[in-house]
Amino acid sequence: MARRLTEAEDRARVELMNSIENTLRSKGYESIAGVDEAGRGPLAGPVYAAAVILPPDIYIPGINDSKKLSEKKRGELFDIITENALAYSIERGSLEEIEEKNILGATLAAMERAINSLSVKADYALIDGNNCRGITTPCEAIVKGDSKSISIAAASILAKVSRDREIIAMGEKYPGYGFEKHKGYGTAEHISAIERLGMCEIHRKGFVQKALATAERKRRNAGN
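Residues numbered from 1 in each chain as written. Predicted model: local features only at pLDDT ≥ 70, side-chain atom pairs only at ≥ 80, totals over all residues. Heavy atoms only, no water.

1. A word on unusual backbone geometry
Let me state the cut-off plainly: Secondary structure elements follow DSSP: runs of H or I no shorter than four residues count as helices, runs of E no shorter than two count as strands, and numbering proceeds from the N terminus.
Even without being a glycine, Asn-102 presents a positive backbone phi close to 70°. Tracing the chain through its elements places Asn-102 in helix α4 (residues 95–116). Its identity is not glycine, yet Lys-183 carries a phi of approximately 60°, on the positive side. Looking at the secondary structure, you find Lys-183 in the loop between α6 (179–182) and α7 (188–197).

So this is what it looks like as structure tokens:
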């Protein structure tokens, strides 16, 4: 189990996560938006994107890449971020958009909408990942940015919590699939449920077909 950081250590860590934003501010940019997505890989549900503009040098205890946080901690940070951000926006790419544009295209389109929906106009955007195609605001893509930039980390939390909440609600609407547990990802339990029940309205058909084919191929190989 990892040792819990002292407050001084955590402040130093978060200060380091502010360094990209501070460098941009030294170059004259004022409203810097961190942008991230949640839900590119699941077999069901929309993909979410969030954009967040934080006050300069803000300290949010424990903020990090959403994947490194517990569900409870993400929920707590969601409230802190939305209460303290200068502006934030959460958008989604629908199933139809995913089918039409593929998952990358739908993700980038949702990111662009999130940036454009901010109540404070961003003059620069930090995009998590290695692609910012189609983003009209001056921007740069940062690989693993959600662990390097406080603004991207904040966006990753808003996107992840928002998507999880929707998928958990879908678990009540479509019982038997276990959405409240796996959040739509391709777990063995989820694939087994699809094989038993068939697809429901929120499944991504192309994703599911590939997952089912992979599961069947693994079974055949195991049998051989």
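2. Brief notes about the pairing of strand β2 (residues 47–53)
Inclusion rule: Exposed residues in this analysis have more than 50% of their type's maximum accessible area, buried residues have under 20%, and partly exposed residues fall in between, with area computed by a 1.4 Å probe over protein chains only. Paired strands, as defined in this entry, are two strands with at least two bridges between them according to DSSP.
Most of β2 sits inside the fold, with seven of its seven residues counted as buried. Of the two faces of β2, the one holding Val-47, Ala-49, Ala-51 and Ile-53 and the one holding Tyr-48, Ala-50 and Val-52 are both buried throughout. Sheet topology note: the β2/strand β3 (residues 87–93) ladder contains seven bridges and is antiparallel. Counted as the bridge partner of Ala-51 is Ser-89 from β3.

3. Section: the packing of aromatic side chains
As a reminder, the rule being used: When two rings of Phe, Tyr or Trp (its six-membered ring) have centres within 6.5 Å they constitute a pair, described as stacked for plane angles under 30 degrees, edge-to-face for angles over 60, and tilted for the intermediate range. A positively charged side chain is recorded as over a ring if its NZ (Lys) or CZ (Arg) lies within 6 Å of the ring centre. The angle to the ring normal must also be within 35 degrees.
Counted by the stated rule, this structure contains two aromatic pairs. Centroid distance Tyr-29 to Tyr-124: 4.7 Å. Interplanar angle 55°. Geometry classified as tilted. Here Tyr-29, found in the loop between α2 (19–26) and β1 (32–38), pairs with Tyr-124, found in strand β4 (residues 124–128); they are 95 residues apart in sequence, far enough to count as distant. The partly exposed category is assigned to Tyr-29, whose relative accessible area is 28%. Judged by centre distance (5.4 Å) and plane angle (25°), the rings of Tyr-177 and Phe-179 are stacked. Given the relative accessible area of 0%, Phe-179 is considered buried. Lying over the aromatic face of Phe-78, Arg-165 brings its terminal NZ or CZ to 4.6 Å of the ring centre. Directly above the ring of Phe-207 sits Arg-204, whose terminal nitrogen or CZ lies 5.1 Å from the centroid.

4. As for α7
Let me state the cut-off plainly: Picture the helix axis, draw a direction to every C-beta atom, and the arc is the one those directions span. Two residues form a contact once any of their heavy atoms are found within 4.5 Å.
Of all the residues in α7, the buried ones are His-190, Ile-191, Ala-193 and Ile-194. End-on, the buried residues of α7 take up no more than an arc of 160°, which puts them together on one face. Opposite its buried face, α7 presents the exposed residues Ala-188 and Arg-196, each directed more than 90 degrees away. Buried residues in α7 make contact with α6 and α8 (205–223). Gly-198 occupies a position one or two residues after α7 and carries a positive phi of about 85°.

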